[in-house]
Amino acid sequence: MGLTVSDVMKLPSMVGAEVIAGHAGLSNPVESISVLEYGANTATLDQLFQNNVFSGNELVVTAFANIRDDVNAQCDNIRRYHAVGSVGVIVYYVGIILPEISQKLVDVCDELGFVLISMPPMKMDLRYSEVITEVLFSIFREQQKERFFVSSILDRLSGLLPEQRNMNTLLHMLSEHLRASVILTDRKGKLDTAVFWPRIIADVVSGSVPTWIKKIGNGNRLSVPLEDKTGYLYRCPTLLADSDDLQLYLLKFDELLTDDILWQASELIRLFIHIWNKNHGKFVTSELVRAIINGNQIQMNRLSEVFHIQVKDLDQMWIFLPRSEQIGYDEKLLQHCTDCLSRNSPAFLISYYEESLIAFAHGSSIATQRESIEQDLIQCLADLKAPYEIVCCNCLDTITEVQNAYLSSTQQFEIARKIYPGKRILHMSDILFAMTCKQIIDTPSVLDQYTSILAHLKRANPEIISTVSTYLLDADSNMAKTAKQQFVHLNTIKYRLRSAQDLLGYAPSQMPDAYPLYIAVALMRILDK
């Protein structure tokens, strides 16, 4: 979860501090810290709250100096800060500036689960800066540990009041997390929203932003000036064509941003649009896909709650594996798969994981219906000519099964493709058989037993091997299909299969005789012999 209020209490600068109320909120995360200077219930205070964006999970430091004798105003401020997502208040100079912490204030904090912390009373040598410095450093340190920030920001956003879950709040959260300016435009480059970090540079650079956006065009990075510093304007990747036709840019000075950060920033905006703006619950974060494949149960449960996804219902996994390392993110593939799955599954999630596109769906319990969905997907992808291997894994009951299926597929799909060159979609049975063949190849004494089976056929008539191979591996042991694929008469296929039985003593059309032949012709294709 990162830094919590409870963790803050363990910092050296908090020695002697005491939690007075709101103990229920000690496990809440802390993402920022600020100072409450002005708390009088006036129009000015209303304007301050209306004209500022609050990102939630904030600790407030105060001595209630200008409302020291107004307990009602103190309670009203607690309610204000709680409403915008703040998690607690640290009160300084009790007995010096603030006469005492009133029971009414304690009761309000207990009611809201808003942590009320009193620094040691009657101490004039305490400084706000010590706590602020330690808290900010701890937050930064936790952020450095957290490589994937999409889920944590969305989690924070989900904890805010509905009226605060807007694009402006999200952009402020992203800006503060990256310590970078965040700019959103339409596809024509017209400015939609901009949040600058630090905020003081807004007046300096805002006028130049439209020019910079026009200059970067379809490029990925543009070097821009800021007085005597150099900054970089980044054009983030577009994840879906239907994300309200928006384009995201990040502006960072004196520090480079990685491609992974740019990708996650776009993913964050896309998810917000589909989850909160359109209530399109089928679109979920890549972080949830990652948590499932990595078996991270805690993160998976947390994200499932955020997006209201029942992971246990997603018992079908589709893996789109690129055939070369040069293949990158494919927006059309993502869109086509999304469209197909949305028609056929009541719930699904889809995202890139490493180089592969992964989709989880609620598969049908009827095999014929699953086959129908596969045909629909093949039809959807027919126009793309996508250079991907497609693996479908059905009836996955546990996270362990998902992990094993993903690992086996990524390791064995090339061997499986050699065995079944004509299959549009590989299945888990194909992957497991490829794994068996690999184990045989790695055991020379066993391999010799199978290769010797075909040696007799080669010496007699090599065409018999081709027929047996097609019959078993490509034509589902159907003679008519075999004849069609080999462009020969049906009687020719019958003759060759009988000849194979005469020469080897194995009947290709009967089990268990067909089993060693099946393995032998598969090994032949793998070894290309």
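Before any of the text, the structure's been laid out above.
Residue positions are given per chain, counting from 1 as you read along its sequence in written order. This being a predicted model, a pLDDT of at least 70 is required before a residue's local features are given, and a value of 80 or more before pairs of side-chain atoms are given or counted; all residues contribute to the totals for chains, interfaces and linings. Based on all heavy atoms of the structure, the side-chain values leave hydrogens and waters out of the count.

Examining the pattern of salt bridges
The working definition used for a salt bridge is a side-chain nitrogen of Lys or Arg within 4 Å of a carboxyl oxygen of Asp or Glu. Within this structure, the stated rule accounts for twelve salt bridges. Taking the shortest distance from any N to any O, the salt bridge between Arg80 and Asp46 comes out at 2.6 Å. Here the residue Arg80 occupies a position in helix α3 (residues 71-83), and Asp46 occupies one in helix α2 (residues 43-50), the gap between them amounting to 34 residues. Throughout, exposure labels follow a simple rule: accessible area from a 1.4 Å probe, protein chains only, divided by the maximum for the residue type, with under 20% read as buried, over 50% as exposed, and the rest as partly exposed. By relative accessible area, which is 22% here, Arg80 ends up partly exposed. A salt bridge links Glu176 to Arg199; the nearest nitrogen and oxygen atoms lie 3.7 Å apart. Of this pair, Glu176 sits in helix α7 (residues 167-178) while Arg199 sits in the loop between β7 (191-195) and α8 (202-205), and the two are 23 residues apart along the sequence. Taking the relative accessible area as the measure of exposure, Glu176 reaches 30% and is therefore partly exposed. Residue class for Arg199 comes out partly exposed when judged on its relative accessible area of 44%. A run of DSSP states H or I qualifies as a helix once it reaches four residues; a run of E qualifies as a strand once it reaches two. Both are numbered from the N-terminal end.

Remarks on the packing of aromatic side chains
The criterion for an aromatic pair is that two Phe, Tyr or Trp rings (for Trp, the six-membered ring) have centres within 6.5 Å, with stacked assigned to planes under 30 degrees apart, edge-to-face to planes over 60 apart and tilted to the rest. Inspection of every chain in the model, using the stated rule, returns six aromatic pairs. An angle of 45° between the planes, with centres 6.4 Å apart, marks the rings of Tyr232 and Tyr234 as tilted. A relative accessible area of 22% places Tyr232 in the partly exposed class. For the ring pair Phe433 and Tyr518, a centre distance of 5.1 Å and an interplane angle of 75° mean the geometry is edge-to-face. You can see Phe433 sitting in helix α16 (residues 428-441) and its partner Tyr518 sitting in helix α21 (residues 514-527), a full 85 residues away along the chain. Looking at Phe433, the relative accessible area reads 12%, which means it is buried.

Some points on the packing of helix α6 (residues 150-158) against α7
Axis definition: a line fitted to C-alpha atoms, limited for helices to the stretch in contact. Angles are taken between N-to-C directions and run from 0 to 180 degrees. Across the interface, α6 lies against α7 with an axial gap of 11 Å and an inter-helix angle of 140°. Of the possible angle classes, the one that applies to α6 and α7 is oblique. Seen from above, α6 lies across α7 with right-handed handedness. When α6 is examined against α7, the residues Ile153, Arg156 and Leu157 are found in contact with a partner set consisting of Thr169, Leu170, Met173, Leu174 and His177. Taken together, the residues of the contact of α6 with α7 sort by class into five nonpolar, two polar and one charged. Each angle gets one of four labels, with under 35 degrees taken as roughly parallel, over 145 as roughly antiparallel, 65 to 115 as roughly perpendicular, and the rest as oblique. Definitions for this section: a left-handed crossing has its near helix turned counterclockwise from the far helix by less than a right angle. A right-handed crossing has that turn clockwise. For this analysis, residues touch if any pair of their heavy atoms sits within 4.5 Å. Only Asp, Glu, Lys and Arg are considered charged, only Ala, Val, Leu, Ile, Met, Phe, Trp, Tyr, Cys and Pro nonpolar, and every remaining residue, Gly among them, polar.

Quick word on the state of the cysteines
Count a disulfide wherever a pair of cysteine sulfur atoms falls within 2.5 Å. Summed over the entire model, instances satisfying the criterion amount to zero disulfides. In this structure Cys392 is a free cysteine whose sulfur lies 6.6 Å from that of Cys393, the closest cysteine sulfur available.

Describing the sheet that holds strand β11 (residues 316-322)
What makes two strands pair is DSSP finding at least two bridges between them. Read from one edge of the open sheet, five strands run β12-β13-β11-β14-β15, paired in mixed fashion. Of all the strands in the sheet, just β12 (348-353) and β15 (426-427) have a single pairing partner and so form its edges. Pairing analysis gives six bridges linking β12 to strand β13 (residues 356-361), with the strands arranged antiparallel. If you follow Ile350 over to β13, its bridge partner there is Ala359.

Side note on the sheet that holds strand β3 (residues 58-62)
The strand order across the open sheet formed by five strands is β1-β5-β4-β3-β2, and the pairing between neighbours is mixed. Since the sheet does not close on itself, it has two edges, and those belong to β1 (18-21) and β2 (32-35), each with one partner. Taken over all neighbouring pairs, the strand axes of this sheet differ in orientation by 25° on average, direction set aside. Summarising the sheet, β1 and strand β5 (residues 115-118) pair through three bridges and their orientation is antiparallel. What sits directly across from Glu18, in β5, is Ser118. Running over the sheet, helix α4 (residues 103-112) touches β1 and β5 and is turned about 85° from β1. Helix α5 (residues 128-145) rests against β2, β3 and β4 (88-91) of the sheet, and its axis sits at about 160° to β2.

Quick notes on the side chain of Gln247
Residue placement: Gln247 occurs in strand β10 (residues 246-253). Residue classification places Gln247 among the buried positions, given a relative accessible area of 4%. In this view, Gln247 contacts Ile183, Leu184, Thr185, Asp186, Arg187, Arg235, Cys236 and Thr238; residues no more than four positions away in its chain are not counted.

Some remarks on the pairing of β4
The two faces of β4 match: Gly88 and Ile90 on one face and Val89 and Val91 on the other face are all buried. Examined bridge by bridge, β3 and β4 share four bridges and lie parallel to one another. The partner of Leu59 across the bridge, within β4, is Gly88. Bridge analysis of β4 against β5 gives four bridges, and the strand direction is parallel. If you follow Ile90 over to β5, its bridge partner there is Ile117. Every crossover in which the path from the first strand over the helix to the second runs clockwise, viewed with the strands pointing away from the viewer, is termed right-handed. Crossover handedness for the path β4 to α4 to β5: right-handed.

Some details on α21
The end-to-end C-alpha distance of α21, which contains 14 residues, comes to 20 Å, matching closely the 20 Å that a straight helix rising 1.5 Å per residue would cover. Taken across its 14 residues, α21 has eleven buried, putting it largely inside the fold. Looking at α21, one finds that the buried residues are Ala514, Pro516, Leu517, Ile519, Ala520, Val521, Ala522, Leu523, Met524, Arg525 and Ile526. Residues of α21 that are buried make contact with α15 (399-419), α16, α17 (444-460), α18 (462-474) and α20 (490-504). One or two residues past the end of α21 sits Asp528, with phi positive at roughly 60°. Here the expected span of a helix is defined as 1.5 Å times the quantity of residues minus one.

Details of the nonpolar core
Ranked by size, the top nonpolar core spans 61 residues in total, and within it Ile292, Met317, Ile358, Phe360 and Ile419 carry the most contacts. Of the residues forming this core, the biggest block, nine residues, is contributed by α21. Filtering out sequence-adjacent residues up to four positions away, Phe360 remains in contact with Val289, Ile292, Ile293, Leu314, Gln316, Met317, Ala347, Phe348, Leu349 and Val402. Here the nonpolar core consists of buried residues drawn from Ala, Val, Leu, Ile, Met, Phe, Trp, Tyr and Cys, with membership extended through side-chain atoms lying within 4.5 Å. Counting residues in each nonpolar core, the second largest holds 29 residues, with Leu171, Leu174, Leu262 and Leu268 among its members.

What about the environment of Gly56?
Tracing the backbone shows Gly56 in the loop between α2 and β3. The exposure class of Gly56 is buried, given its relative accessible area of 6%. As for Gly56 and Gly159, which are separated by 103 residues in sequence, their C-alpha atoms are 8.0 Å apart. Residue contacts for Gly56: discarding those within four places in its chain leaves Glu31, Ser32, Val84, Gly85, Arg156 and Leu160.

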